[in-house]
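Structural features, examined
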Amino acid sequence: MKTNLSLALAAGIVCASLFTSCAKENMKPAESVNAENSSNATTGEDRIDAIVSDLSIDSYSLSFTKTYLKSGITKRAYGTDNYLAFADPQDLICGDPIRLKYKQIPIWKRPNIIWPTCPDMVLDINKLTEIQKVIVSADPKLYEGLQQVKFLNPCGGFLATQVFTKQFPAMKLDKIDDATSKLSLDKFLMLNNPANLGSGATRSFYGYADLNEIVFKPYKKSLKDILKPTLKGCFDPETLKILRSQLQKVDPAYYSNLAITYLPENKQIAILSVKQ
């Protein structure tokens, strides 16, 4: 089995999404602060901080490859560095096979997995609109293509360009869908590293169990707490056992090293991961 195999499997947890690339990823490597911004920054006021001042830090996630001091973007990262949310497959214009099978599509961000600012999330749609205006004003050429997509759960939405969203209409059912066809999709979540989808997989998510409600809120955890150091999965133990078996039928060698462990706080919640 490949040592860099990364799976996020979670029974009873909703979330996932194929993050391949986005317009913001196409920017050059991060620059600290460009000369124009440095010379023209006078007040030091941060417009993003001002907009989100009454929100909790875990209700927004923004990142940039450089600052825009003239426009009031004084930092390259704001809010949480990871999150899980869900969008309507119709809003993402998913094709019939996916749209008919999935009630909601996971949208997630995890450090070292998802490219910065892809997408930007704010759990307040009005704040998201304000932030979009600031971003576009800071760099119209780069950000004029940003579009809003609302979340089903929790409220709010994210910003992304068609370079990111065009993946959803192109999604098809595959061998992993065949292998999980008899499983309840709300009993597990499987998240693949977009850079390494795994044998038989064509996208980064399978299943849609709501980990926010099942794991994160009750046990004060986040996506990176249970899915580290590589992507793993979580939730209904019995479903995960079947899932492991089915994956090993797809590719016995590639999926041979999967192990099931239990959440220390609740033995009814399990995690499927690669043996270390």
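Structure first, text after, so check above.
An account of the accompanying structure is given in this report. Bear in mind that the values here come from a model prediction, so they are computed numbers and not experimental data.

**Quick word on the pattern of salt bridges**
Inspection of every chain in the model, using the stated rule, returns ten salt bridges. In this structure, Asp49 and Lys75 form a salt bridge, with 3.0 Å as the shortest nitrogen-oxygen distance. With Asp49 in helix H2 (residues 47-51) and Lys75 in the loop between strand S2 (60-63) and strand S3 (77-79), this residue pair connects regions lying 26 residues apart in the sequence. You can call Lys75 partly exposed: its relative accessible area is 34%. A salt bridge links Lys217 to Glu213, with the nearest nitrogen and oxygen atoms 2.7 Å apart. Here Lys217 pairs with Glu213, and both are found in helix H8 (residues 211-219), just four residues apart, close to one helical turn. One connected set of salt bridges, linked through shared partners, spans Lys101, Asp174, Asp177 and Arg203.

**What about the nonpolar core?**
Judged by nonpolar contacts, the single largest core of 56 residues is most densely connected at Leu92 and Ile226. Sequence-distant contacts of Ile226, defined by excluding residues within four places in its chain, comprise Leu211, Val215, Phe216, Lys221, Lys232, Cys234, Leu263 and Ile271. In terms of nonpolar packing, the next biggest core, distinct from the first, is built from 19 residues, Ile51, Val52, Tyr78 and Ala138 among them.

**Describing H8**
Of the positions making up H8, those classed as buried are Leu211, Asn212, Val215 and Phe216. For H8, the angular spread of buried residues about the axis comes to 120°, placing them on one side. Where H8 begins, the capping side chain belongs to Asp210, and its oxygen is found 3.1 Å from the backbone nitrogen of Asn212. A positive phi of about 55° marks Lys220, the residue just after H8.

**Considering the layout of surface pockets**
When its volume is computed, the largest pocket comes out at roughly 430 Å³. Counting residues per element, the ones that place at least two in the lining of the largest pocket are strand S4 (83-87) and H8. Here the lining of the largest pocket takes four residues from H8, the largest share from any one element. Considered class by class, the residues forming the lining of the largest pocket number eight nonpolar, five polar and four charged. Considered as a void within the structure, the second largest pocket measures approximately 160 Å³ in volume. Around the second largest pocket sit Asp91, Leu92, Ile93, Gln147, Gln148, Val149, Gln162, Thr165, Lys166 and Pro169, which together line it.

**Some words on unusual backbone geometry**
Residue Pro154 follows Asn153 across a cis peptide bond; omega there is -10°. Tracing the backbone shows Pro154 in the loop between strand S7 (147-153) and strand S8 (157-160). Positive phi, normally seen in glycine, also occurs at Lys220, with a value near 55°. Within the element layout of this structure, Lys220 appears in the loop between H8 and helix H9 (223-226). The class for Lys220 is exposed, based on a relative accessible area of 72%. Positive phi is not limited to glycine here, since Phe235 has a value of about 125°. As for its placement among the helices and strands, Phe235 is situated in the loop between H9 and helix H10 (237-250). Look at Phe235 and you get buried, because its relative accessible area is 14%.

What counts, and where the lines are drawn
Residues numbered from 1 in each chain as written. Predicted model: local features only at pLDDT ≥ 70, side-chain atom pairs only at ≥ 80, totals over all residues. Heavy atoms only, no water. Salt bridge = Lys/Arg side-chain N within 4 Å of Asp/Glu carboxyl O. Helix = DSSP H or I, 4+ residues; strand = E, 2+ residues; numbered from the N terminus. Buried < 20%, exposed > 50% of the residue type's maximum accessible area, 1.4 Å probe, protein only. Core = buried A, V, L, I, M, F, W, Y, C linked by side-chain atoms within 4.5 Å. Contact = heavy atoms within 4.5 Å. Arc of directions from axis to C-beta. Polar contact = N/O pair within 3.5 Å; in protein donor to acceptor, adjacent residues only side chain to side chain. 1 Å grid on protein atoms, 1.4 Å probe; cavity = no way out; pocket = protein on both sides within 12 Å on 5 of 7 lines; lining within 4 Å. Points joined across faces, edges and corners; volume = space filled by probe spheres on them. Nonpolar A, V, L, I, M, F, W, Y, C, P; charged D, E, K, R; others polar.

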